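# Analysis of the macromolecular model
One letter stands for each residue in the lines below.
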Amino acid sequence: MHMSLPPNADLPTLRNHLAQYSQSHLVQFWEQLSAQEQDRLRKQLAEIDFEQLAQLVAGKDDEVDFAALAARSTPPPSVDARGEGADWTVEQALAKGREALSQGQVAAVIVAGGQGTRLGFDKPKGMFPIGPLSERTLFQIFADRLLAIGDAFGVSIPLYLMTSPATHDETVAYWEENQWLGMSPDDVRVFCQGTMPAVDARSGRVLLADKDQIALSPDGHGGTVAALKKSGCLADAQRRGVRYLSYGQVDNPLVYLCDPGLIGHHIAADSEMTTQVVRKRYPTEKVGNVVLADGKVQIIEYSDLPEEAAHQKDDDGQLKLWAGSIAVHVCDVDFFQRMSDQADALPFHRANKKVPYIDEHGDQVSPEQPNAIKFERFIFDLLPAAKNAFVVEGLPEDVFAPVKNADGAPADTPELARQAMVEQARRQLEEAGIEVAEGVQVEINPRFALDAEALRSKLAGTKRIERDTYFQ
Ligand code: UTP
C-alpha cells in the first residue's frame, strides 16, 4: 500500500525518505535529541504515509456543486417517528431487533476520541459527570444501559470503545479503577483511533509540535472503521457472532445504544447502514442533512446547504430536506469489514485550524489565526457505499442531548442535557401511571427499569413522586 519508513530507520534513511516529500525539516533538530527522543520521533515518522499525505495536500477536495446536489436531493428512504413510511410495522421491526439481541448478534461501538475542545473539561469527555442526580459519568450511563439491555435479553453485550491519543490512557485507567463499571472486562475493548499530521496551510509542510514530536491530531470519527480493524475488534466481533454494531457518540447521553427498534428497522430494510435522525426544527439548523441524491443516501453538511435549498418544501408544506443527522447508526459488521479492506473507502476532509507548532528556530508559536490543515474522516461518508441505507426518525427529546459546550453557552450544554434526561424520566414515569410533582427532579438508571412497563411493575403502589429521586 504505502511506502513507509522502517521503524528502526537510521538518519540517512530518514533524510532520504523525507527529502522526497520536501519534509526534511522534520529531522532538523535530530542532533539535539536524546536517543529516547530520537526513537519517539522515528516511530512517529514511521507511522506516516507521506505519499498519501502529499496527495492530500496537493489535491483539492472534490469540487461539489452543492446547490445542484441539494436541488436534486429528495428525502431518503425512511420510517418516521409514528412508524410510517416503511413496508413493515414497528412491531415487526421490534421483533426482529429483539431476536438479534437475544441471539447475541449485537455489539456497541462508542466513539470517545477527538479532543473535546469546546467543552473545556480537562479529562476525556466520557468522564464528564452528567447524571442529573446521580452524577454518573457519560461512560457510566452507557455501561448501565448495556448492562440493562444485556440483562433484558439474557446476553452480555460487547462494547468497543474508541479513544484518541489524548483520551486513551485516562480512559483505560478510569474503566480499570472503576471495575469496568460493572461490565465484564472481557466485554469491553478500548482501542485508540489513528492520527494524521497537521500541515502548514501555505507550504504543506508537516508541523512539529516539539523537536521530537510531530503535530498529530485524531483522524476523525471516520477513523473508527480502520481502528476497529487494526485493533482486532472487528475480528473479535466476528468471532463472537456479532452481526450488527450499534454506534453512538459518547457526548450524547440520550443515545439509546442497542435500541431494538432501530436495529429491527435496519434488519427489516436489509440495510448495511441505518442512521437515526431528528426532524429539523428550522431549515438552516446546524445539523447534517440526510438526503437521497443520485440513488445514494448521503449527508449534506449544513455549511454546504444553500439557503434556498434548505427552505424547499414538499407538497404538504413540510421541509423537503427534513432529516437532521445525530450521528447514531447501526452498521453490519460485514459492511465495516468490506469498507476497512478498501484503503480509500472514506475520503479525508480538510479543516483549517489553529495548531501550535515550533518554527525553524525551535521556538514555540501559538497562532491566533488558523494556520494549519487537519485531515479528518467522517463516519457518515460510509452511507453512500451502504446497500439499502435507511433512515429512522427519532424524537429529539428521546434521542438527542449533545454535550458539546460548557454551561452558559446557548445550546448543547451539560445543563440542557441534564434537563433533557430529567424530562425523559418524568415522561417514562407518567407513562407508567406515576405522577411527578412539579419542579421535582427524577433520574432513572436503566438497570432499575428499562422502560415504562418495567417501571410500572417495579413501582407498583407508587402514585406520586414528591421529591427528587434517583431510581437506581
Ligand atoms: P466532535 O466533532 O464534537 O469533536 O466529536 P470533539 O473532539 O468531541 O469536540 P470539539 O469539537 O473538539 O469541541 C463528536 C464525537 O465524535 C468523537 C468525539 O469523542 C465525540 O463523541 N470523535 C470525534 C472521535 O472519537 N474522534 C475524532 O477524531 C473526532
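Here's a quick rundown of the structure. (Residues numbered from 1 in each chain as written. Predicted model: local features only at pLDDT ≥ 70, side-chain atom pairs only at ≥ 80, totals over all residues. Heavy atoms only, no water.)

### Description of the pairing of strand S3 (residues 159–163)
In the case of a regular strand, side chains alternate between the two sheet surfaces. Counting buried positions along S3 yields 5 of 5 residues, so the element is predominantly enclosed. The alternating pattern of S3 places Leu-159, Leu-161 and Thr-163 on one face and Tyr-160 and Met-162 on the opposite face, and all of these are buried. Where strand S2 (residues 106–111) lies against S3, 4 bridges are found, and the strand directions are parallel. Residue pairing for S3: Ile-110 is matched across the bridge by Leu-161. (Buried < 20%, exposed > 50% of the residue type's maximum accessible area, 1.4 Å probe, protein only. Helix = DSSP H or I, 4+ residues; strand = E, 2+ residues; numbered from the N terminus. Pairing = 2+ DSSP bridges.)

### Things to note about the side chain of Glu-285
Of note, Glu-285 is situated in the loop between strand S11 (273–279) and strand S12 (289–293). Take Glu-285: its relative accessible area is 8%, and that puts it in the buried class. Beyond its immediate chain neighbours, meaning those up to four positions away, Glu-285 contacts Lys-280 and Tyr-302. (Contact = heavy atoms within 4.5 Å.)

### What about the site of the ligand?
Neighbouring residues of the ligand: 18 residues in total, closest Gln-115, Thr-117, Arg-118, Gln-193 and Lys-404. Take Gly-113: an N or O atom from its main chain is 2.8 Å from an oxygen atom of the ligand. Gly-116 places a main-chain nitrogen or oxygen 2.9 Å from an oxygen atom of the ligand. Protein contacts shield 86% of the accessible area of the ligand, which totals 560 Å² for the unbound molecule. Its residues assigned to classes, the shell around the ligand comprises 5 nonpolar, 9 polar and 4 charged. (Near = heavy atom within 4 Å. Polar contact = N/O pair within 3.5 Å; in protein donor to acceptor, adjacent residues only side chain to side chain. Areas by Shrake-Rupley, 256 points an atom, 1.4 Å probe, with all protein chains shown as cover. Nonpolar A, V, L, I, M, F, W, Y, C, P; charged D, E, K, R; others polar.)

### Digging into the sheet that holds strand S6 (residues 199–200)
What the 3 strands build is an open sheet, ordered S6-S18-S15; its pairing is antiparallel. One side of each edge strand has no neighbouring strand; the edge strands of this open sheet are S6 and strand S15 (349–353). With 5 bridges connecting them, S15 and strand S18 (residues 372–376) associate as antiparallel partners. Its bridge partner being in S18, Asn-352 is matched across the sheet by Ile-373. Most of the contacts of helix H3 (residues 50–58) go to S18, to which it runs at about 115 degrees, and overall it touches S6, S15 and S18. (Axes fitted to C-alpha atoms, helices over the stretch in contact; angles between N-to-C directions.)

### Regarding helix H1 (residues 11–20)
All of the buried residues along H1 are Leu-11, Leu-14, His-17 and Leu-18. Each buried residue of H1 sits inside an arc of 135 degrees when the element is viewed along its axis, so together they form one side. Turned more than 90 degrees away from the buried face of H1, the exposed residues are Pro-12, Asn-16 and Gln-20. For H1, the elements touching its buried residues are helix H2 (35–47) and H3. (Arc of directions from axis to C-beta.)

### Digging into the environment of Asp-398
Position of Asp-398 among the secondary structure elements: in helix H13 (residues 396–399). In the structure, Asp-398 is positioned 373 residues away from His-25 in sequence and 52 Å away in space, judged by C-alpha atoms. Here Arg-427 takes part through its side chain, which lies 2.9 Å from a polar atom of the side chain of Asp-398.

### Overview of the nonpolar core
In this structure, Phe-139, Leu-159, Trp-175 and Cys-258 are the most contacted members of the largest nonpolar core, which totals 54 residues. It is helix H6 (residues 138–153) that provides the largest number of residues to this core, a total of 9 residues. In this structure Cys-258 touches Leu-101, Val-106, Ala-108, Leu-146, Ile-149, Ile-157, Ser-246 and Ile-263, once residues within four positions along its chain are discounted. Counting residues in each nonpolar core, the second largest holds 37 residues, with Ala-227, Val-290, Phe-335 and Phe-378 among its members. (Core = buried A, V, L, I, M, F, W, Y, C linked by side-chain atoms within 4.5 Å.)

### Quick notes on the side chain of Gln-312
Relative to the elements of secondary structure, Gln-312 occurs in the loop between helix H11 (307–310) and strand S14 (323–332). Here the side chain of Gln-312 touches Ala-309 through a polar contact of 2.9 Å, landing on its backbone oxygen. The contact partners of Gln-312, leaving out residues within four places of it in the chain, are Ala-70, Ala-71, Gln-318, Leu-319, Lys-320 and Leu-321.

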